[in-house]
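Residues per chain are reported as follows:
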Amino acid sequence: SRYYREVLPGEIVKISRHDVQTLDVVRRPEGDPSAFCIFEYVYFARPDSIFEGQMVYSVRRRCGQQLAIEAPVEADLVSTVPESATPAALGYAQKCGLPYVEVLCKNRYVGRTFIQPNMRLRQLGVAKKFGVLSDNFKGKRVVIIDDSIVRGNTISPIIKLLRESGAKEVHIRVASPPIRFPCYMGINIPTKEELIANRPEFDDLANYIGADSVVYLSVEGLVSSVQESIKARQENNLKTQKSFIGKIGHCTACLTGEYPVELEW
């Protein structure tokens, strides 16, 4: 198989062994800009996916580079929790001039943690899910890049594991902004009360999860990382639609509370 092209928003496509046909394109109301889910870039999509003419892996690496500009830290090495945040961690390390080093390896014989029936079992599952490569970080200051912290439960046992295995400092950098609002467009985000960004613990999040420091990427940083190459391509090709330019080209509702459509209750 090979990449052919993206399906346009509202497009109905017929694929046969002979060709690919556009049957119809359902147009948006006039002046209603596109609002592609920005969290597809952050977390949901496979890194080799292509959206809006750019590879998700490249966007995640740019998010890591932007995070390094916004939140540098004195440290010895950069790593990640395998492996969804690896592109961002590589971008962060490259921008900071620090080595990227693996500190954890996945235990392939352990099941999925998120389906465990309660929090205690989920946290125990996380601890069993990873092996520790302690030779790589013993006595060193470690920056762990994560793609998102939603509830704050998964990262705590990992920090504890790293400290017990000899890490001198553990700094957490998150390659996306805090999720604060529910999604009404079909993504099953936890309730407002479950989101760590809305809880009192968020005021001292580093202490709550056991880290030396925690910094999230700004909303502006995420949007610029996502839109950078889209805008560059549009400037090179004036025929391209301009619907993706500006902050309203992507839905950031779960981060900002600004929904792309009026909600009706």
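Residues numbered from 1 in each chain as written. Predicted model: local features only at pLDDT ≥ 70, side-chain atom pairs only at ≥ 80, totals over all residues. Heavy atoms only, no water.

- For the protein, an unreviewed UniProt entry supplies the name PUR1 Amidophosphoribosyltransferase and the organism Pitta sordida.

1. Remarks on the overall build of the protein
Move 1: Check the secondary structure of the protein and you find eight helices and twelve strands.
Move 2: Accessible surface, the protein: about 15,200 Å² in total, of which carbon and sulfur atoms supply 51%. (Helix = DSSP H or I, 4+ residues; strand = E, 2+ residues; numbered from the N terminus. Areas by Shrake-Rupley, 256 points an atom, 1.4 Å probe, with all protein chains shown as cover.)

2. A short note on the nonpolar core
Move 1: Grouped together as the largest cluster of nonpolar side chains are 32 residues, with contacts concentrated most on Val78, Ile145 and Leu222.
Move 2: Counting residues per element, the ones that place at least two in this core are helix 1 (38-44), helix 2 (56-70), helix 3 (86-96), strand 9 (141-146), helix 7 (219-236) and helix 8 (253-256).
Move 3: Counting residues per element, this core draws most heavily on helix 2, at five residues.
Move 4: Those residues in contact with Ile145 that sit more than four places away from it in its chain are Leu67, Val78, Ser79, Thr80, Val81, Ala85, Ala88, Ala89, Tyr92, Arg173 and Ala175.
Move 5: Within the second largest apolar cluster, 28 residues are counted, among which are Leu104, Ile144, Ile149 and Val214. (Core = buried A, V, L, I, M, F, W, Y, C linked by side-chain atoms within 4.5 Å. Buried < 20%, exposed > 50% of the residue type's maximum accessible area, 1.4 Å probe, protein only. Contact = heavy atoms within 4.5 Å.)

3. So, empty space enclosed by the protein
Move 1: Scanning the model with the defined rule gives one cavity of 30 Å³ or more in all.
Move 2: Lining the largest cavity, in full, are Val42, Arg60, Cys63, Ser84, Ala85, Ala88, Asp147 and Ala175.
Move 3: For the lining of the largest cavity, the class distribution of residues is five nonpolar, one polar and two charged. (1 Å grid on protein atoms, 1.4 Å probe; cavity = no way out; pocket = protein on both sides within 12 Å on 5 of 7 lines; lining within 4 Å. Points joined across faces, edges and corners; volume = space filled by probe spheres on them. Nonpolar A, V, L, I, M, F, W, Y, C, P; charged D, E, K, R; others polar.)

4. Some remarks on the packing of aromatic side chains
Any pair of aromatic rings gets described here by the distance separating the centres and the angle formed by the planes.
Move 1: In this structure the tally under the stated criterion is seven aromatic pairs.
Move 2: Here the aromatic rings of Phe36 and Phe51 are separated by 5.0 Å at their centres, their planes lie at 55°, and the arrangement is tilted. On the criterion of sequence distance, the pair formed by Phe36 in strand 3 (residues 36-37) and Phe51 in strand 4 (residues 50-51) is long-range, its members being 15 residues apart.
Move 3: Residue classification places Phe51 among the buried residues on the basis of a relative accessible area of 17%.
Move 4: Among the aromatic residues, those joined into a ring-pair cluster are Phe36, Tyr41 and Phe51. (Phe/Tyr/Trp six-rings, centres within 6.5 Å; stacked < 30°, edge-to-face > 60°.)

5. Focus on the pairing of strand 2 (residues 20-25)
Move 1: Inspection of the sheet shows strand 1 (residues 11-15) paired to strand 2 by five bridges, in the antiparallel sense. Its bridge partner lying in strand 2, Lys14 is registered against Gln21.
Move 2: Hairpin connection between strand 1 and strand 2: a loop of four residues separates the two successive antiparallel strands. (Pairing = 2+ DSSP bridges.)

6. Observations concerning the sheet that holds strand 11 (residues 213-216)
Move 1: The strand order 6-9-10-11 describes an open sheet built from four strands, whose pairing is parallel. Each edge of the open sheet carries a strand with a single partner, namely strand 6 (77-80) and strand 11. For this sheet, the mean angle separating the axes of adjacent strands, direction not counted, is 25°.
Move 2: Relative to strand 10 (residues 169-174), strand 9 runs parallel, the two sharing six bridges. Paired with Ile144 across the bridge in strand 10 is Ile172.
Move 3: Lying on the sheet, helix 2 is in contact with strand 9, strand 10 and strand 11; it crosses strand 11 at an angle near 120°.
Move 4: Along the sheet, helix 3 makes contact with strand 6, strand 9 and strand 10, crossing strand 6 at roughly 170°. (Axes fitted to C-alpha atoms, helices over the stretch in contact; angles between N-to-C directions.)

7. With respect to helix 7
Move 1: Between its first and last C-alpha, helix 7 extends 26 Å over 18 residues, near the 26 Å set by a 1.5 Å rise per residue.
Move 2: Of all the bends in helix 7, the greatest measures close to 40° and is centred on Gln227.
Move 3: Buried within helix 7 we find Gly221, Leu222, Val223, Ser225, Val226, Gln227, Ile230 and Gln234.
Move 4: In this structure, the buried residues of helix 7 make contact with helix 1, strand 5 (54-55), helix 2, strand 12 (250-251) and helix 8. (Expected span 1.5 Å × (residues − 1). Bend = angle between axes of the 7 residues up to and from the residue.)

8. Examining the pattern of salt bridges
Move 1: Applying the stated rule across the entire model yields seven salt bridges.
Move 2: In this structure, the salt-bridge partner of Arg151 is Glu194, at a minimum N-O distance of 3.2 Å. Taken together, the residues span a long stretch of sequence, with Arg151 in the loop between strand 9 and helix 5 (155-164) and Glu194 in the loop between strand 10 and helix 6 (205-209) at a distance of 43 residues.
Move 3: Judged by its relative accessible area of 32%, Arg151 is partly exposed.
Move 4: What makes Glu194 partly exposed here is its relative accessible area of 34%.
Move 5: A salt bridge links Arg199 to Glu201, with the nearest nitrogen and oxygen atoms 3.3 Å apart. (Salt bridge = Lys/Arg side-chain N within 4 Å of Asp/Glu carboxyl O.)

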